[in-house]
Amino acid sequence: FFAQQRALAAACAAPMAAPAATSANAPKETVYVNNLSEKVNQEEMKKSLYAVFAPFGPIIDIVHFKSNKMRGQAFVVFRDVPAASSAVRQMQGFPFYDKPMKLDYAKAKSDATAKLDGSYLAKVREERTAKRRAEREERKAGAKKEKAAAPKAPREEAADAEMA
């Protein structure tokens, strides 16, 4: 395990010709990493991501979940934008656990970055989470209503007529 991390860190330090990074998002301290192996446990993945991205600059946080919605994805939060930009440029397509990594800048500011610059508000985050939860419940309720209002198949109508 440690030998693999050292090899990855050495590969990162070596100059490499990476494809040009085209990003739809503006550069931020947080890098979104996609196409990660789902077979690696969470702690090992965090350690490996740290080993790979540490040569580019100080890392504040690494967020990696194993949930169905977030599997194969992670966020790496650097202290500054130049470090994140360098990582995105040089690590785009880097083979990591036999899969090429896809990198982009995060869409929104991370909580770790907001806490550092003093703009983090727990109340705002709670409100945002509650709003998303309410929207999700509303979509579920709408889907149930559509299913209940859907016309019955002819077979079901005949069964209902027999029972009456």
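Going by the structure above, here's the rest.
Just so you know, these numbers come straight off a predicted model, no measurement behind them.

A.B. asks: Could you give an account of the packing of aromatic side chains, naming the residues involved and the relevant values?
C.D. replies: As enumerated under the stated definition, the model contains 4 aromatic pairs in all. Ring geometry for phenylalanine 53 against phenylalanine 56: centres 6.5 Å apart, planes inclined by 50 degrees, an arrangement best described as tilted. Note on phenylalanine 56: relative accessible area 13%, which makes it buried. Measuring from centroid to centroid gives 5.0 Å for phenylalanine 96 and tyrosine 97, while their planes differ by 75 degrees, and the two rings are edge-to-face. Comparing phenylalanine 96 with tyrosine 97, the two get one shared label, buried.

A.B. asks: Before we move on, can you summarise the pattern of salt bridges with the specific residues and values?
C.D. replies: Counted under the stated rule, the structure contains 2 salt bridges. Arginine 71 is paired through a salt bridge with glutamate 38; the nearest N and O atoms lie 3.5 Å apart. Of this pair, arginine 71 sits in the loop between strand S2 (59–64) and strand S3 (73–78) while glutamate 38 sits in the loop between strand S1 (30–34) and helix H2 (42–53), and the two are 33 residues apart along the sequence. Residue classification places arginine 71 among the partly exposed positions, given a relative accessible area of 42%. Between lysine 109 and aspartate 117 there is a salt bridge, and its shortest N-O distance comes to 2.5 Å. For lysine 109, a relative accessible area of 45% puts it in the partly exposed group. Note on aspartate 117: relative accessible area 45%, which makes it partly exposed.

A.B. asks: So what's going on with unusual backbone geometry? Residues and values would help.
C.D. replies: Even without being glycine, asparagine 35 reaches a positive phi, approximately 70 degrees. When you line up the elements, asparagine 35 lands in the loop between S1 and H2. Look at tyrosine 97: it is not a glycine, yet its phi comes out positive at around 55 degrees.

A.B. asks: Please provide a residue-by-residue account of helix H3 (residues 81–91), values included.
C.D. replies: Of the positions making up H3, those classed as buried are Ala83, Ala84, Ser85, Ser86, Ala87, Val88 and Met91. For H3, the N-terminal capping position is held by aspartate 80, with its side-chain oxygen 3.3 Å away from the main-chain nitrogen of alanine 83. One or two steps after H3, the chain reaches glycine 93, where phi turns positive at roughly 80 degrees.

A.B. asks: Explain the sheet that holds S1 to me, using residue names and the numbers behind them.
C.D. replies: The strand order across the open sheet formed by 4 strands is S2-S3-S1-S6, and the pairing between neighbours is antiparallel. One side of each edge strand has no neighbouring strand; the edge strands of this open sheet are S2 and strand S6 (102–105). The sheet shows a mean angle of 20 degrees between the axes of neighbouring strands, taken without regard to direction. Relative to S6, S1 runs antiparallel, the two being bridged by 4 bridges.

A.B. asks: So, the environment of alanine 74: which residues are in play, and what are the values?
C.D. replies: For alanine 74, the location among the structural elements is in strand S3. Here alanine 74 falls in the buried class, since its relative accessible area comes to 0%. Each residue touching alanine 74, except ones within four places of it in the same chain, is listed here: Val31, Tyr32, Val33, Leu36, Leu49, Val63 and His64.

What counts, and at which threshold
Residues numbered from 1 in each chain as written. Predicted model: local features only at pLDDT ≥ 70, side-chain atom pairs only at ≥ 80, totals over all residues. Heavy atoms only, no water. Phe/Tyr/Trp six-rings, centres within 6.5 Å; stacked < 30°, edge-to-face > 60°. Buried < 20%, exposed > 50% of the residue type's maximum accessible area, 1.4 Å probe, protein only. Salt bridge = Lys/Arg side-chain N within 4 Å of Asp/Glu carboxyl O. Helix = DSSP H or I, 4+ residues; strand = E, 2+ residues; numbered from the N terminus. Polar contact = N/O pair within 3.5 Å; in protein donor to acceptor, adjacent residues only side chain to side chain. Pairing = 2+ DSSP bridges. Axes fitted to C-alpha atoms, helices over the stretch in contact; angles between N-to-C directions. Contact = heavy atoms within 4.5 Å.

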